[in-house]
Amino acid sequence: MVIRTKRGRSRQARPDDIVDRRGYEVKKSTNPFRSLAYIAVGCCLAITLAALFFNLRLFYVCLGVTVACAALLIYLMRRIKKDINSLLTKMGQALTTVQRETMQTFPIPVFVCGEQGEIIWCNELAQSSVLEHEETYGRSIYTILTGADITRRCPEGGYEVDYKGRHFTAYVTHASAENDPLYIVYFFENTELKRYAREYFETRPSIMLLLVDNYEELQQNMKDNERTRVMGQIEYTISKAVTESGGLLLKTERDRFTVIIEERNLRGIISSRFPILEQVRAIETENKMVATLSIGVGRDAADLEESERYARQALDMALGRGGDQAAVRGASGYEFFGGVSSGTEKRTKVKTRIVATALAELISGSDNVLVMGHRAADLDCFGACVGVMRAARLMGKEAYIVIRRDKCLVRQEYDKLLENGFDGMLLEPEDAELLVTRKTLLVICDTHVRNILESTQIFDACRSVVVIDHHRKMVGHIDNAVIFYHEPYASSASEMVTELVQYFGDKLRLGRLEAEALLAGIMLDTKNFVIKTGVRTFEAAAYLRRIGADTVEVRKLFSSTMEAYQRKAMLVAHAKVYRGCAIAVSPDHDAPDIQVTAAQAADELLNISGVQASFLVFGLNGGMSFSARSMGQVNVQIIMEKLGGGGHHTMAGAQLAGIDGDKAYELLIAAIDSYFEENSRK
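So, here's what we can say about the structure.

What counts as what
The residue count restarts for each chain, going from 1 along the sequence in the order it is written. For this predicted model, a pLDDT threshold of at least 70 governs which residues receive local features, and a threshold of 80 or more governs which side-chain atom pairs are given and counted, while totals over whole chains, interfaces and linings are taken from all residues. The basis for every side-chain value is the complete set of non-hydrogen atoms in the structure, without hydrogens or water. Counting from the N terminus, the helices are the DSSP runs of H or I reaching at least four residues and the strands are the DSSP runs of E reaching at least two. Accessibility here uses a 1.4 Å probe with only protein chains present; expressed as a share of the type maximum, an area under 20% marks a residue as buried, one over 50% as exposed, and anything in between as partly exposed. Contacts were defined at the residue level, with two residues in contact if any of their heavy atoms lie within 4.5 Å. Note on areas: Shrake-Rupley, 1.4 Å probe, and residue coverage restricted to the protein chains presented here. The pairing criterion for strands is at least two bridges between them, as found by DSSP. In this description, a line fitted to the C-alpha atoms serves as the axis of each element, helices being fitted only across the stretch in contact, and the angle between N-to-C directions of two axes falls anywhere from 0 to 180 degrees. To estimate the expected span of a helix, subtract one from its residue number and multiply by 1.5 Å. Taking the helix axis as origin, the arc is that swept by the directions to the C-beta atoms. Polar contacts here mean pairs of N or O atoms no more than 3.5 Å apart (in protein, one a potential hydrogen donor and the other a potential acceptor; neighbouring residues in sequence count only if both atoms are side-chain atoms).

1. Quick word on the overall build of the protein chain
- Check the secondary structure of the protein chain and you find 23 helices and 25 strands.
- Buried positions account for 49% of the 682 residues belonging to the protein chain.
- Intrachain contacts of the protein chain at a sequence separation of at least 6 include 62% that bridge at least 24 residues.
- Of the roughly 33,600 Å² of accessible surface on the protein chain, a fraction of 53% belongs to carbon and sulfur atoms.

2. Remarks on the sheet that holds strand S3 (residues 110-113)
- Pairing within the open sheet is antiparallel, and its five strands lie in the order S4-S3-S7-S6-S5. Each having just a single partner strand, strand S4 (119-122) and strand S5 (159-163) make up the two edges of the open sheet. Strand-to-strand twist in this sheet, taken as the mean axis angle between neighbours without regard to direction, amounts to 30 degrees.
- Note: S5 against strand S6 (residues 166-175), five bridges, orientation antiparallel.

3. Here's the deal with helix H11 (residues 350-364)
- Between its terminal C-alpha atoms H11 stretches 22 Å, which fits the 21 Å expected from 15 residues at 1.5 Å a residue.
- Within H11, the full set of buried residues consists of Thr352, Val355, Ala356, Leu359, Ala360 and Ile363. Across the axial projection of H11, the buried residues extend over an arc of 135 degrees, all falling on one side. In H11, the exposed positions that point more than 90 degrees away from the buried face belong to Ile354 and Glu361.

4. Thoughts on the side chain of His471
- As for its position among the elements, His471 is in the loop between strand S18 (464-469) and strand S19 (483-486).
- When its relative accessible area of 17% is taken as the criterion, His471 is described as buried.
- Polar side-chain contacts of His471 include one of 3.3 Å to the backbone oxygen of Asp446.

Below you can see the structure in the form of structure tokens.
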């Protein structure tokens with residue numbers, strides 16, 4: 001390699017020569033502090049000479065100080081010169097090793113650094129494009145490469161660097177040296193690439209589907225001018241909200257809208273928790289009925305077709321959870337917003353009639369029928385199973401209920417049925433599994449989630465599955481059912497089965513025991529016709545009463561032992577009220593019938609003035625369980641979902657393993673706080 005001296009002459013480079021970015025020789029004796037040292041000594045001499053004219057004693061003092069300072073400066077200058085020469089020699093050797101001429105003309109910025117991160121050398125492109133001609137002497141690479149460690153192995157994708165408004169990807173390699181190790185840092189600028197990538201992700205379109213989920217109810221008993229006013233106000237509110245958010249709105253049906261919106265605008269809607277829900281809910285008719293909106297959003301999809309499919313799935317999920325809420329379906333799962341209202345009862349029975357006809361055909365074409373509910377079956381679950389089982393037997397099919405007696409919460413009703421001719425119809429899961437054939441029909445009642453079924457083995461073995469449930473739809477629901485009869489507006493699964501039975505034919509008539517089991521289920525979930533009770537609930541109860549249900553016998557099913565009653569009274573007495581929620585923690589673990597007792601105590605707490613919801617926390621099977629109840633103002637399902645559970649608007653629960661009562665109480669308080677913060681109304 002040929003280098004140029006400061007006098008303009010050229011000569012062949014030696015291994016220990018140092019060159020600057022222009023190819024000129026750098027002398028090893030270079031000392032940037034020499035001028036400063038000369039100035040300091042000169043000032044001291046000037047002060048000493050000035051003192052000679054004022055005071056001889058002061059002159060000698062200043063002279064001594066000047067000599068001492070000069071000696072110290074000479075010593076320090078020698079040390080600095082030695083260190084700089086050593087540094088330059090090492091740099092020259094290192095740059096020779098890595099072919100300094102190639103690095104100087106390298107088309108990307110390059111830095112050579114010491115083990116502590118000090119910048120030893122950089123090429124001209126690094127000086128201009130990265131540092132923008134800032135001084136490099138004494139500077140550390142970590143002022144640019146923040147959060148990295150050049151002594152460690154460089155990640156496969158390098159280090160992302162943002163410096164002075166520009167974006168780089170930095171890669172570090174180790175350069176061998178005789179003394180201290182050196183590190184070479186390469187910077188690849190990708191400012192434009194990242195700008196285009198950011199713009200791409202910010203402008204990705206998503207599909208949003210909106211549905212006025214109580215449109216039919218709003219239209220009933222309204223005058224033409226009132227109907228026009230209400231629907232016009234709803235459309236204006238939706239159009240205004242979408243336009244302000246930068247979306248494109250298309251009305252596809254009388255009660256359905258499709259929105260195309262960019263990711264940057266959708267993110268703002270999600271962060272504000274879909275204010276359009278509140279805006280539409282503020283619209284009232286003359287009969288004080290409010291409009292509600294359900295929204296499904298397809299996000300993070302590969303294309304518009306997939307986004308539209310995600311949006312439809314999200315809208316179905318929002319409707320399955322009771323409507324009046326937004327569901328966002330992305331690649332990672334679902335997010336839910338809203339859902340603070342209790343929903344509107346659907347008065348049409350067209351869907352029920354269609355489901356009843358289809359279910360009757362499936363029963364007729366099967367070898368046998370197995371009816372199963374969730375684990376720890378309650379009166380609603382058991383009553384619905386009894387109704388379906390008896391209906392299938394009246395159609396001439398062998399039908400059985402799959403239930404574990406030692407785990408259920410209906411032992412009194414269970415034993416009563418055994419005493420009245422149901423022996424052999426109530427089977428343990430292990431016995432029922434032996435009856436499964438290729439044409440076995442499995443009917444699941446009072447749940448739609450696989451992991452809480454009485455037996456997942458039977459579910460996996462059956463090819464034909466029917467689901468009948470009223471709980472709000474949860475993520476991970478059964479998605480391979482032949483019939484998925486899901487009605488979150490119904491009071492109970494027993495009410496749904498009662499309606500289905502009425503459409504099976506006039507010749508099919510349930511007996512008194514089945515009617516009482518169904519009525520007990522309705523009374524349990526409605527708290528004796530107080531909560532979640534609609535017109536269809538009373539119609540179902542009237543039908544059951546008409547075919548022989550005895551309300552006194554049903555009431556006996558809710559009786560408890562003296563020990564359980566005293567435990568319930570103790571739980572109620574020790575409850576605390578927090579933000580309108582009564583909370584009680586049971587001190588006993590695995591107490592007899594604690595699940596039933598806790599549910600009854602939670603119901604009892606709702607009778608306290610000022611209490612909108614109640615929560616019972618109790619120990620069970622090595623963990624903590626939650627039983628939640630509400631009068632309707634608070635959606636306890638959302639609170640329980642924050643603890644990994646679920647349920648219904650007014651009745652829900654959750655289970656957490658590996659925690660104690662104090663931790664469970666702390667988590668419950670946090671979930672309640674989160675609920676009120678997210679759903680506070682303006």
